Amino acid sequence: MASSRGPALNEELQCSICLEEFTDPVTTPCGHNFCRTCLSKCWPNTQTCFCPFCEETFSRRPELKINTTLGKLVQHFKKLNQETEVFCDFCDGRKQKAVKTCLTCQSSYCDSHLEPHRRVPRLKKHTLINAVENLEDYICQKHERPLELFCRDDQTCVCLSCTEGEHRTHNTVPIEESREKKMIQDRMKKIQEIKHSVELRKTLASNDRFLTSFRTVQISNWMIIGLGVLLVAALITLPEQYTRCQSELLKMEEQQKAAEKQAEDLIKDLHQEITELKMMEEQQKAAEKQAEDLIKDLHQEITELKMMEEQQKAAEKQAEDLIKDLHQEITELKRRNTELEQLSHTEDHLHLMQMYSSLYSLSYSKNWIEIDSDSDVDVYVLKIALTELKKQLKEKLTQTGLKFVQKFAVDVTLDPDTANPHLILSDDGKQVSDGDIEQDVPENPKRFDVGPYVLAKQGFSSGRFYYEVQVKGKTQWDLGVARESINRKEGEFTLSPEDGVWTLILMEEDRYVVFDDPSVSLSLRVKPEKVGVFVDYEEGLVSFYDVESRSHIYSFTGQTFTDKLYPFFSPWFNVEGKNLNPLIITPVG
């Protein structure tokens, strides 16, 4: 900041004898300023003294007093011009300039050696400030701890140990807050000092004019009273003296204006600094508020994560117990199935009926059937029981299978770059429907020009994945997966594995078809409203499930995948308002 003031004001603060900044400045009756020591050397122990600058002679030795205001101004500018560099305490050889001082370590660090304080958790808790040379001013001399607080009651800096002792009941605040306010107060005080200095300088300038006028009159009176023989010389000298005085007055006025301009610039800069400090204080408070909110949110997230972890552990334990029970049930059902297969071929029907009489009540509304040794109905009953048992086993395995594949759920989003121009996609990429007319879309090599098809953005080249789609209210749709190299632009292709598509198709409200080898028409008891699609890439498996009834619909098995697979969708066309509903990708849960 001192360099921005220019050399003019610095020259005004220099002694014209030693050409250095004033030390104990004093003012002569003619208005010029000198160091007290310098002026004493110019004035020997004689009664006659003169001004070293303008050479005005004084009849008696003036009584000199230190100009305290000018002295304070000199000290102020010394402080502004002083730039103390602090060097790193840990650099070997050539010392680098320090950027921070650690009050906890009581050492200063350059940017390289400060790195552990930014990385190591234990060092991150240390108190860092801008690099300072007088470190002892920031350390409590009593407790040897950093001065981190400011006591407003005693107007002094204190450490944490001080607040546990004599400052325990005092009003303390973080030192950064009090320091910013003190800096603002200091700069306001400096402004007042500068204004006072300018006023004093105006007063001194007025005194200079008065003394100059007085000297002119004094000279004139002396010339009139003097010898007549010197009258001509006096008349010649008087204009020169007057011109010289006028020149000095003009010079003083220019210096006064320069000093006032310099003071105005300084006041302007100080006002700007005060504004910046106030903004910094507001930003500091906002940052502290933001940090508090962040810490609060983190605590809440940690609590929620702990609860989720406990719930996860409970769910895993429950799942383990369920899997264990299911394995036990499956083993028991398989055992019964094997026994029934064996029993269906035995001749001792009466004995079999007596052993497995409990099976007869599985699906009958009638009472027990009376069977004698000559009856043939026992074989039929056993076959019915076996069929029912197989049915129960299949349902149990299907429900277990759906719960298993749902673990591999993925977030699927429709890719607008692949959508046929007739299709309309929702903004979130979760719904697709027929738009009746062709949309104005840009050309794209990935876009389907044949068929109302669209792919997902997500592709898979390994592992397992699962997703669910709501098909409620639709009369036609296609769902499944397709390989990346599927034909999209010209010619025709079938929705079959041969052409790189593995789909379940609703053709006419209740006619479900899969183009396997050979094609299969499916007869479903319940029309699915939500369909789940599961793929095991390595096993070559594509399976479809009715999510609501938790039943298995169909599976492509023994397939060989070489390309990346993408989820495949087709809402088909709107036919006289009967197929308006969109296909909706829903969350799995």
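Placed above this text is the structure.
On a predicted model such as this, the values are computed, not experimentally measured, just so you know.

Draft legend 1. Representation of the overall build of the protein. For the protein, the helix and strand inventory stands at 10 helices and 23 strands. Every one of the 589 residues in the protein was classed for burial, and the buried ones make up 36%. Once local pairs closer than 6 in sequence are excluded, the contacts in the protein between residues at least 24 apart make up 58%. Entry remark: accessible area of the protein is about 36,900 Å², with carbon and sulfur atoms responsible for 51%.

Draft legend 2. Here's a closer look at unusual backbone geometry. Here the residue pair Asp 517 and Pro 518 is connected by a cis peptide bond, since its omega of 5° sits within 30 degrees of zero. Note that Pro 518 resides in the loop between strand S17 (512-514) and strand S18 (520-522). The phi dihedral of Asp 24 falls on the positive side, at around 50°, and the residue is not glycine. Along the chain, the position of Asp 24 falls in the loop between helix H1 (7-12) and strand S1 (25-27). Residues other than glycine seldom take positive phi values, yet Glu 576 does so here, at roughly 55°.

Draft legend 3. Main features of the environment of Thr 69. With respect to the helices, strands and loops of the structure, Thr 69 is situated in helix H3 (residues 68-81). When its relative accessible area of 16% is taken as the criterion, Thr 69 is described as buried. As a C-alpha pair, Thr 69 and Pro 25 span 44 residues in sequence and 9.3 Å in three-dimensional space.

Draft legend 4. Looking closely at the sheet that holds strand S5 (residues 100-102). Read across the sheet, 3 strands follow the order S6-S5-S7 without closing on themselves; strand pairing throughout is antiparallel. Looking at strand neighbours, the two that pair on one side only are strand S6 (107-109) and strand S7 (128-130), the edges of this open sheet. Strand-to-strand, the axes of this sheet are offset by a mean angle of 35°, without reference to chain direction. In this structure, S5 lies alongside S6, joined through 3 bridges in antiparallel fashion.

Draft legend 5. Spotlight on the pattern of salt bridges. Summed over all chains, the structure comprises 13 salt bridges. The shortest N-O distance in the salt bridge between Arg 119 and Glu 115 comes to 2.7 Å. Separated by 4 residues within a single helix, Arg 119 and Glu 115 lie in helix H4 (residues 115-119), roughly one turn from each other. Residue Glu 166 pairs with Lys 142 through a salt bridge whose shortest N-O separation is 3.8 Å. Here Lys 142 lies in the loop between S7 and strand S8 (149-151) and Glu 166 lies in the loop between helix H6 (160-163) and strand S10 (172-174), a separation of 24 residues in the sequence.

Draft legend 6. Layout of the environment of Glu 148. Checked against the element boundaries, Glu 148 lands in the loop between S7 and S8. The sequence separation of Glu 148 and Val 158 amounts to 10 residues, and the corresponding C-alpha distance is 6.6 Å. Look past the residues within four positions of Glu 148 in its chain and what remains in contact with it is Thr 127, Val 158, Cys 159, Leu 160, Val 173, Pro 174 and Ile 175.

Draft legend 7. Just the packing of aromatic side chains, in detail. Under the defined criterion, the tally for this structure stands at 15 aromatic pairs. Through pairs of rings, three or more aromatic residues link up here, namely Phe 404, Phe 408 and Phe 534. The ring of Phe 448 carries the charged tip of Arg 488 above its face, separated from the ring centre by 5.5 Å.

Draft legend 8. Spotlight on the nonpolar core. Within the largest apolar cluster, 35 residues are counted, with the highest numbers of intra-cluster contacts made by Trp 477, Leu 479, Leu 504, Val 542, Phe 544, Phe 569 and Leu 583. Not counting chain neighbours up to four residues away, the residues in contact with Phe 569 comprise Val 412, Leu 414, Pro 452, Tyr 453, Val 454, Ala 456, Tyr 467, Val 469, Asp 478, Leu 479, Leu 583 and Ile 585. If you look at the next biggest cluster of nonpolar residues, it comprises 20 residues, including Phe 34, Trp 43, Leu 70 and Leu 266.

Conventions adopted
- Residues numbered from 1 in each chain as written.
- Predicted model: local features only at pLDDT ≥ 70, side-chain atom pairs only at ≥ 80, totals over all residues.
- Heavy atoms only, no water.
- Helix = DSSP H or I, 4+ residues; strand = E, 2+ residues; numbered from the N terminus.
- Buried < 20%, exposed > 50% of the residue type's maximum accessible area, 1.4 Å probe, protein only.
- Contact = heavy atoms within 4.5 Å.
- Areas by Shrake-Rupley, 256 points an atom, 1.4 Å probe, with all protein chains shown as cover.
- Pairing = 2+ DSSP bridges.
- Axes fitted to C-alpha atoms, helices over the stretch in contact; angles between N-to-C directions.
- Salt bridge = Lys/Arg side-chain N within 4 Å of Asp/Glu carboxyl O.
- Phe/Tyr/Trp six-rings, centres within 6.5 Å; stacked < 30°, edge-to-face > 60°.
- Lys NZ or Arg CZ within 6 Å of the ring centre and 35° of its normal.
- Core = buried A, V, L, I, M, F, W, Y, C linked by side-chain atoms within 4.5 Å.

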